[in-house]
Each structure stands twice: as C-alpha cells, then as structure tokens.
Amino acid sequence: MTASATRRLTVAQALVEFLAHQYTERDGQRRRLINACWGIFGHGNVAGIGQALLESGPGAMPYLQGRNEQAMVHAAVGYARQNDRLAAQAVTTSIGPGATNLVTGAALATVNRLPVLLLPGDVFATRPADPVLQQLEVPCAGDVSVNDCLRPVSRYFDRITRPEALIPAALQAMRVLADPVETGAVTLALPQDVQAEAYDWPEEFFADRVWHVRRPSPDADALAEAVRAVRAAERPLVVAGGGVHHSEAEDALRALADATGIPVASTQAGKGSLRHDHPADIGGIGHTGTAVADDLARTADLVIGVGTRYTDFTTASSTLFARPGVRFLNLNIASFDGHKLGALPLVADARAGLEALTASLAGHRVDAAYEAEYRAGKARWEELVDAAYAVGDDSVRPSQTQVLGALDAVVGDEDVVINAAGSLPGDLHKLWRARSRRQYHLEYGYSCMGYEIPAAIGVRLAAPDRPVWALVGDGTYLMMPTELVTAVQEGVNINVVLVQNHGYASIGGLSAETGGERFGTAYRFRDKDGTYTGAPLPVDLAANAASLGMTVLRASTVGELRAALAEARASDRPTCVYVETDADAPGAPGAQAWWDVPVAQTATRPAAVEARAAYEQQAAARRHHL
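Residues numbered from 1 in each chain as written. Predicted model: local features only at pLDDT ≥ 70, side-chain atom pairs only at ≥ 80, totals over all residues. Heavy atoms only, no water.

For the rest of this paragraph, the subject is the packing of helix α10 (residues 250-260) against helix α14 (residues 350-360). As a packed pair, α10 and α14 sit with axes 8 Å apart at the nearest point and diverge in direction by 20°. Taken together, the axes of α10 and α14 are roughly parallel relative to one another. Crossing handedness for the pair α10 and α14: left-handed. Contacts from A252, L253, A255, L256 and A259 in α10 reach R351, L354, E355 and T358 in α14. For the contact of α10 with α14, the per-class residue count stands at six nonpolar, one polar and two charged. (Axes fitted to C-alpha atoms, helices over the stretch in contact; angles between N-to-C directions. Helix = DSSP H or I, 4+ residues; strand = E, 2+ residues; numbered from the N terminus. Parallel < 35°, antiparallel > 145°, perpendicular 65-115°, else oblique. Left-handed = near helix turned anticlockwise from the far one by under 90°. Contact = heavy atoms within 4.5 Å. Nonpolar A, V, L, I, M, F, W, Y, C, P; charged D, E, K, R; others polar.)

Attention shifts here to the sheet that holds strand β4 (residues 34-39). Here six strands make up an open sheet; going across it, the order is β5-β4-β6-β7-β9-β8 and the pairing parallel. Two strands lie at the open edges of the sheet, namely β5 (63-65) and β8 (156-159), each paired on one side alone. Shown here is a sheet whose adjacent strand axes are inclined to one another by a mean of 20°, direction ignored. In terms of strand pairing, β8 meets strand β9 (residues 185-191) through four bridges, oriented parallel. Directly across from R159, in β9, lies its bridge partner A189. (Pairing = 2+ DSSP bridges.)

For the pair helix α1 (residues 11-19) and helix α2 (residues 49-56), interaxial distance at closest approach is 8 Å and the crossing angle is 50°. It follows that α1 is oblique to α2 by the angle criterion. Helix-helix and strand crossings are classified by hand; for α1 and α2 the assignment is right-handed. Contacts from A12, Q13, L15 and V16 of α1 reach α2 at I49, Q51, A52, L53, E55 and S56. When its residues are assigned to classes, the contact of α1 with α2 shows six nonpolar, three polar and one charged.

Another point: the sheet that holds strand β2 (residues 22-26). In space, the three strands of this open sheet follow the order β3-β2-β11, with mixed pairing throughout. If you trace the sheet from one side to the other, it starts and ends with β3 (29-32) and β11 (209-212), each paired once. Taken pair by pair, the neighbouring strands of this sheet meet at an average axis angle of 30°, ignoring direction. Sitting on the sheet, helix α6 (residues 166-178) touches β2 and β11, and the angle it makes with β11 is about 35°.

Have a look at this one:
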C-alpha cells in the first residue's frame, strides 16, 4: 500500500501555501478567498510568516507593507466590503503591541460582519525562556497571552501550539470567513517557535478548495406568512441594510419597489440599495435620517427589514417605530438578526428572499395616496438638500455641507466615497445622493476614527478602476494618517478630502445637547480658566500630508475647492484636498429622530439640568417591540 504523498514545510510555509489555494464561489463565479497578506514584522513573525511569504513569492501570496497594525485591518476590511465579502485579506503582526493593535480593527470587522484573517505572532509554545520580550505574565494561567484580547472580537479564534493542529484550525478559519452568517474577524494565533517548526504535510492539504456561498431560499410557510403580512399592511416600509449590498440584491429590491410601490429607507450600511432618484427611495432612516423616512417610520404598520441589524441609530433608540401595533418582518440570512424586534423572521439570502417576495406579491400594490404622500415628502427633502449644497458666492469659505455639494458635482457613478466617524456621517446619510451600489461606503457599525484612509486603499486595491475618496475631519486624520505613506509607496491613487474644523465637531455638538457644554472637544489652546477655549492650534495638516508624500491641493474658497476636487479626481497619484470650513455657516438639517445618550441625573450647571429635562421627555417614548 502506497503511503500518501507529503511535503515538508514549516508551519508558516504550509499556512501560506494553504491560503493560496482557497476560493469562494457564488453564482458560478470563483474568486480567490485570501488575495494578499498585510504585515509589519517583529521577532514574533519575521522568521516565520515573514520568511514564508518571502519563500513563496508574490505569485502565491502578495505581500503589502503597512505602517500601523490597526490600519492594516481597516484596509483589509475595505477590500472585503468592496468584494461583497467574497474575497478577503490576511494581516500578520509580531507579538505584544503588534498583536494588541489588531483589536480595534478586529472589532470593527466583526461588528460589521466583514471577513479578515488575523495572524498575530505569539509567545513560545515550548517555553524555552519564560517570559520572553513583550510577553504578558498571568500568574494564575500559563497559557494566556495578549492575543487572548482578540477572542471576544473574533468570530473564530485558535492558537496553533502544535504543527498538526494547523490543519483543522485552518479549515475552520476558512469556513467562518466564507460563511455570510458567521463571518467577521478570524484569528489564528501563531507561537513564534511553532511558526518555524517543520512538519510533513499531506499534499491534500494544499489542493484547491472551493467554499460555496449559497443563496438559501425562504421556508415556504414563513414566506406565506410574510406575504400575508405585506398584503394586510396599509403603510409598509422597507428598511434596507448592508445585507442588500453583500448579497448583490439591489436589482431584486428595485423590482420589489417597482412592483409594489413600497417605499425604501436605508441604514448607513444600506444606503445606495436604491439609486437616489428612484421614486421609492426616501433616503436614510433613524437619528441621521431624512424627515420623510422618519415620518413614515413613525406611522408604519409593517416594517420590512432587509439585511439590517437594527442599531440604535436606525431605531432612534427604540423610539422611532411609534405606531401602536406596528409589526416587523425581517428578511435576513442570520436567524439572530431575523428575530429582532419580535419580528416575523424570513431567514434567507437577501436576493433570494426579495425575489420570492416579489413573485408571491404579484398584483399587490400600496394605495396610490400613500405613494403620493411619500413622493411629496421626498421632493420636499430634495429641496433641503439643494439648499444645503447651494453656494451664493464662490469666493467664501465653504460650509461642510457645501464641501459635500462640491464633491457631489465632481464624482461619477463609479466613484466610491468613504467615511466612518465625526460629523460627516450624519451629513452624508441625510444629504448624499448615492448613484450606484458601492458608491456610498460608510463604516458606521463601529464608527471608528482612522478607518477612512486605510479603507480607501483597500477599496482601491479591490477596484483599481474606480476613483476612491476618503473624507476625513482633522480629528480623524490625527488618529491615523500613517497609511498615506502606504498609498504613496504602492502608487494607490486615493483621494483624501481633509476637512479642518479644529476639533471633534460631532461630539462637540452632542456635548452641547447633553449638558457637556462642548467640554474637551475643541483643538484649541487652554484659556485662563483652564478650558480648551483659546485660539485654534497652529497646526498645518496639509503640510503634514505633503511630508508623507501626498500631492496636496489647498482650497480656501468654494471655487478653489471645486477646482481642487476636479484636479484630484484626474490625478494619477495619491492626492489630498485640504479645506478649512466655516464653522458658523448653516449646516445640514437637524436630527429628525432621537438618539439615547444618557444625561447626568443630578447637576448644578444649568445646561445639564435643562438637558436632563429634555432627555426624560424623549426617553419616555422608548418601547419594546414584542
């Protein structure tokens, strides 16, 4: 009997070779699952994964050099989202701070249900010296390292303490990454001695393996119940979430809206599910939503969630869906999300479920008066958008909404606009006119400052033919400008719009509303009373971006901004457009729904006392949907 063929490789070499042969397949299209590996090397991975990447060569596993471990995860997440979760990237780090820097990025990936493979180095499994450099000692548990911080933010975690343990762990890792229900951050912690240890691997381990991403159809009985609920509803409303995009279900959603006339509101992740000028698209919903969407939500008798997690921004902290007896119908591939808000769960792929609903609702349409109502509301909101974008004098400093208006006039349908934190997400959700399925890229599950620039690199790597814009405020920029160097090094011509407003504008506004009086939210010198209310800091972020290798275009007026944005879009290298906004100019329309941020129950300062009274009035409207 002939023994099975084996290949002698180190654990790191075997892992890299294994990853080079993993594929996803959906709708007959095959893609490589792990397309590249980001890495920063230290003693925990330089002689293991680093050597393996060098030995395998870029044909097997392309290597991308990052500057910050968290940023590398953000880039990989941007790449995965642009690829509809069907292709991902790996990230390798050393032990210690390199590994713990992954935690924020891992949480972001898992919260947003986006795949990324994390390969942090770990301390010696054999413990020849104990402790080693950067090792955390836990007196009551010898098998704990800092990598255990990644357990709660990973959808799958394993520590490979023996070479042969890699085989089942790697297979489980791929299963989770490719599963739209389970996906998120996946961590394989790799002790540095095990990485370099050789083993005779079965050749079958390196064979091409295809992970089929299915489109499960809804259960017939659940579908029938869903159809009855829709037919009985007088004021149904669709809430489109990120699952619409991940499933490539935009056409199916449009077909449902065309056939039934049901209006469609969108979460931050779902915006762009319908093109902005579709008659049924009523824009964002929730705390940062449009007036028409939130007004309809308050009076809806059936809310049809499609691929949404129903965060507190979407539900206005459980105050938005206010009609007595309102019911929910949730189409979601994850049963966990399908059952939220006491809903009728329709557990299925978003595209398959929408197609089944549309077919089963043949001949059904909402009342003409309802259609006329929401279309009139949509028209009124569009007038507000026009007013927010309007510029009377090109020679003045722009407001933040005028910055968005100038960008709106420059971008094409193929452009991708990326943002995550600060005051921009609210303005974008209310005002941006999304023109294509992947144009609007908001990371608002974790709303992580510093995401935008590395994510823009990931998106551009995934879609090199698309202009990509990272919109960042000064607070976000100062968190993580490091990957501008990566963009320059790799020739990834992203466009960064850097908005200078001298502090945390979003939190400053929230602080003012909740009795915090904007404490600690401005980037200014200390005043005589010890608060940060003096002159603005004399920082030059444009000069900083230029020092990192970016082409920088400064814009002082609306006219200069328009010209700079057009020049950036036409550029063939990484470009930063720097603009200081007029903080006193009118901004976007105010919040159309509440957000629960608890206010001090006892206070002596009048601002907090007044804010608490307003808080109690709003909080009284919270409800449980059972």
